[in-house]
Amino acid sequence: MSTETEQLSGLIDAKHACLSQLCQLGQRQLESIGAADFSQLIKILAAKQRLLVGMQNMERQLDPFRNQSPESRAWPSAEKRRHCAAVAQQCETLLSEIVAQEQESERLLKQQRDDAAQRLQQSHTASQARGAYNGSADCATSQLDLYSEN
């Protein structure tokens with residue numbers, strides 16, 4: 001296998017490993033959101049950020065191979081070529097799953113935000129009602145004149 005082909009195969013394998021980790025973290029992210037464990041969520045997002053930086057670096061290293069014809073690459077065997085193609089296809093599948101996880105995470109977080117806003121609004125309305133009730137009770141009491149001039 002030529003040095004270039006070895007480099008390509010290594011980068012594809014590294015990309016697959018990175019995407020697998022991102023997918024696992026995405027599942028943990030969904031679980032953390034579901035459990036409203038935002039401290040764990042922050043840790044997961046930090047770990048994902050580090051992996052994404054590594055992914056960007058890998059993608060830059062893969063750039064020179066994007067314009068090459070796959071047929072022009074020298075592979076030591078058809079099996080090595082098929083393996084690399086299969087891993088590349090798995091990368092695409094993982095990437096689609098990661099995007100779906102992110103969309104679901106966003107949906108769940110928005111739902112939790114909206115639910116919290118609704119609970120705050122209900123609490124505020126209840127507080128206003130109590131205030132109005134207490135205010136009217138105070139007015140009724142303050143209007144009672146028990147003073148006698150005899």
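One structure accompanies this document, and this report is about it. Just so we're clear, the structure is a prediction, and the values are computed from it rather than from any experiment.

1. Some details on the overall build of the protein
Part 1: Helix and strand counts for the protein come out as three helices and zero strands.
Part 2: Listed N to C, the secondary structure of the protein is α-α-α in terms of helices and strands.
Part 3: Within the protein, the proportion of its 150 residues that are buried is 24%.
Part 4: When contacts within the protein are restricted to residue pairs at least 6 apart in sequence, those whose partners lie at least 24 apart make up 79%.
Part 5: On the protein, roughly 10500 Å² of surface is accessible, and the fraction owed to carbon and sulfur atoms is 53%.

2. Details of the side chain of Ser32
Part 1: By the element assignment, Ser32 lies in helix H1 (residues 3-34).
Part 2: With a relative accessible area of 6%, Ser32 lands in the buried category.

3. Description of the nonpolar core
Part 1: Formed by 21 residues in total, the largest nonpolar core has its most connected members in Leu8, Ile12, Cys18, Leu19, Leu22 and Leu62.
Part 2: Among the secondary structure elements, those contributing two or more residues to this core are H1, helix H2 (38-66) and helix H3 (78-142).
Part 3: The leading source of residues in this core is H1, at eight residues.
Part 4: Look past the residues within four positions of Leu22 in its chain and what remains in contact with it is Lys48, Leu51, Leu52, Met55, Ile98 and Gln101.

4. Quick look at the layout of surface pockets
Part 1: Looking at the largest pocket, its volume works out to about 310 Å³.
Part 2: Around the largest pocket, the lining comprises 15 residues; the ones closest to its centre are Leu8, Ile12, Arg73, Cys84 and Ala88.
Part 3: Taken together, the elements giving at least two residues each to the lining of the largest pocket come down to H1, H2 and H3.
Part 4: It is H3 that contributes the most residues to the lining of the largest pocket, six residues altogether.
Part 5: Grouping the amino acids of the lining of the largest pocket by side-chain chemistry returns 10 nonpolar, no polar and five charged.

5. With respect to H1
Part 1: The end-to-end C-alpha distance of H1 is 46 Å, a good match for the 46 Å that 32 residues give at a rise of 1.5 Å each.
Part 2: Positive backbone phi, at 55°, marks Ala36, one or two positions downstream of H1.

Reading the values: the criteria
- Residues numbered from 1 in each chain as written.
- Predicted model: local features only at pLDDT ≥ 70, side-chain atom pairs only at ≥ 80, totals over all residues.
- Heavy atoms only, no water.
- Helix = DSSP H or I, 4+ residues; strand = E, 2+ residues; numbered from the N terminus.
- Buried < 20%, exposed > 50% of the residue type's maximum accessible area, 1.4 Å probe, protein only.
- Contact = heavy atoms within 4.5 Å.
- Areas by Shrake-Rupley, 256 points an atom, 1.4 Å probe, with all protein chains shown as cover.
- Core = buried A, V, L, I, M, F, W, Y, C linked by side-chain atoms within 4.5 Å.
- 1 Å grid on protein atoms, 1.4 Å probe; cavity = no way out; pocket = protein on both sides within 12 Å on 5 of 7 lines; lining within 4 Å.
- Points joined across faces, edges and corners; volume = space filled by probe spheres on them.
- Nonpolar A, V, L, I, M, F, W, Y, C, P; charged D, E, K, R; others polar.
- Expected span 1.5 Å × (residues − 1).

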